[in-house]
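Overview (structure and organization)
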Amino acid sequence: MQARDSDGMIMSMDGAMDLASGNMLTYLHFTIGGDILWFEGWVPQGPGAMFGACVGLFLLALVDRWIAACRAMMEVHWAKRAQIAYTNKLNANGDSEKKRTVPPSTVGNALFLRRAPPFIPAHDIVRGILHAGQAAFNFAFMLVVMTFQLGFIISIIVGLGVGETLFGRYAHAGTTLH
């Protein structure tokens, strides 16, 4: 016997959830059809559509790791450019030895003591856009994982692993180059 609401609706939470395009299974599965991928109309119904969705998720995971590598390399470039801009600013303050307000021995120390790089719109706006893009990928991947479709989950994991293999050295080289 199943519990029913006053409208006659079945109130049991044990089965699949009825959706307009199929059933959402609340456990890990390889079932083809019924899993909505981001939008109501994106429901892979056949093996070919499921394969295409998995390939697309794999490629998106590669793009995510590529963006992370590009961002790391740009961070190194931006740090060098910020250092140059700061040095140029210090040099512009004193055109000759007579006008210099900071003794030469402390100019080098001032460069290393500076903790926050200057705000450079060309760098920081791009940094924000890249971060927003990475966050969007992460949220999209989270929504895919919430379908409990193992084909989707494995495609994302393999794509992230292959992407890290291909592009990870750039991201890690960016943190060690100074």
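Relevant structure appears above.
Here the structure is a predicted model, which is why all the values come from computation and not from measurement. (Residues numbered from 1 in each chain as written. Predicted model: local features only at pLDDT ≥ 70, side-chain atom pairs only at ≥ 80, totals over all residues. Heavy atoms only, no water.)

1. Quick word on the environment of F137
As a reminder of what qualifies: Helical segments are the DSSP runs of H or I of at least four residues, strand segments are the runs of E of at least two, and each set is numbered from the N terminus. Relative accessibility thresholds used throughout: buried, under 20% of the residue-type maximum; exposed, over 50%; partly exposed, between the two (1.4 Å probe, protein chains only). Contacts: residue pairs with any heavy atoms within 4.5 Å of one another.
Within the secondary structure, F137 is located in helix α3 (residues 121-145). In this structure F137 comes out as buried when scored by relative accessible area, which is 16%. In sequence terms F137 and V63 are 74 residues apart; their C-alpha atoms lie 9.1 Å from each other. Those residues in contact with F137, other than ones at most four positions away along the chain, are L60, V63, D64 and I67.

2. Looking at unusual backbone geometry
Residues other than glycine seldom take positive phi values, yet W38 does so here, at roughly 75 degrees. Among the structural elements, W38 can be located in the loop between β2 (23-24) and α1 (47-93).

3. Description of the packing of aromatic side chains
What counts is decided by this rule: Any two rings among Phe, Tyr and Trp, with Trp reduced to its six-membered ring, count as a pair given centres within 6.5 Å; such a pair is stacked if its planes are under 30 degrees apart, edge-to-face if over 60, and tilted if neither.
Throughout the structure, instances matching the rule amount to 3 aromatic pairs. For the pair W38 and W42, a centre-to-centre distance of 6.2 Å together with 65 degrees between the ring planes defines the contact as edge-to-face. Classification of W38 as partly exposed rests on a relative accessible area of 30%. The interplanar angle of 80 degrees and the centroid separation of 4.8 Å between the aromatic rings of F39 and W42 together place this pair among those described as edge-to-face. By relative accessible area, F39 is classed as partly exposed at 48%.

4. So, a nonpolar patch on the surface
The condition that has to hold: Like-charged residues are merged into a patch within 9 Å and nonpolar side chains (Val, Leu, Ile, Met, Phe, Trp, Tyr) within 5 Å, provided each residue has over 30% relative accessible area and no salt bridge. Here the open area of atoms and residues is found with the Shrake-Rupley method and a 1.4 Å probe, where only the protein chains shown may cover a residue. A pairing counts as a salt bridge when a side-chain nitrogen of Lys or Arg comes within 4 Å of a carboxyl oxygen of Asp or Glu.
Residues W38, F39, W42, F139, M142, L143 and M146 make up a contiguous nonpolar surface patch of roughly 740 Å² in combined accessible area. Along the chain, M146 turns up in the loop between α3 and α4 (150-176).

5. What to know about the pattern of salt bridges
Think of it this way: side chains of opposite charge can pair up when their charged atoms draw near. All told, the structure shown has 4 salt bridges when counted by the stated rule. Notably, a salt bridge pairs D64 with R65, separated by 3.6 Å at the nearest N-O pair. Relative accessible area serves as the criterion here: at 22%, R65 is assigned to the partly exposed category. Connected through shared salt-bridge partners, D64, R65 and E164 make up one network.

6. Here's the deal with the side chain of D35
The following threshold applies: Whenever two N or O atoms come within 3.5 Å, that pair is a polar contact, provided that in protein one can donate a hydrogen and the other can accept it, and provided that, for residues adjacent in sequence, both atoms are side-chain atoms.
Relative to the helices and strands, D35 resides in the loop between β2 and α1. Among the polar contacts listed, one links the side chain of D35 to the side chain of Q149, at a separation of 3.0 Å.

7. Overview of the nonpolar core
Generally speaking, soluble globular proteins have nonpolar side chains that are buried together. For clarity, the cut-off: In this description, a nonpolar core means a group of buried Ala, Val, Leu, Ile, Met, Phe, Trp, Tyr and Cys residues linked to one another through side-chain atoms lying within 4.5 Å.
With 14 residues, the main nonpolar core has L37, L57, F141, V144, F152 and I156 as its most contacted residues. If you list the elements that add at least two residues to this core, you get α1, α3 and α4. Once you skip the residues sitting within four places of it in the chain, V144 turns out to touch L37, W38, L57, F152 and I156.

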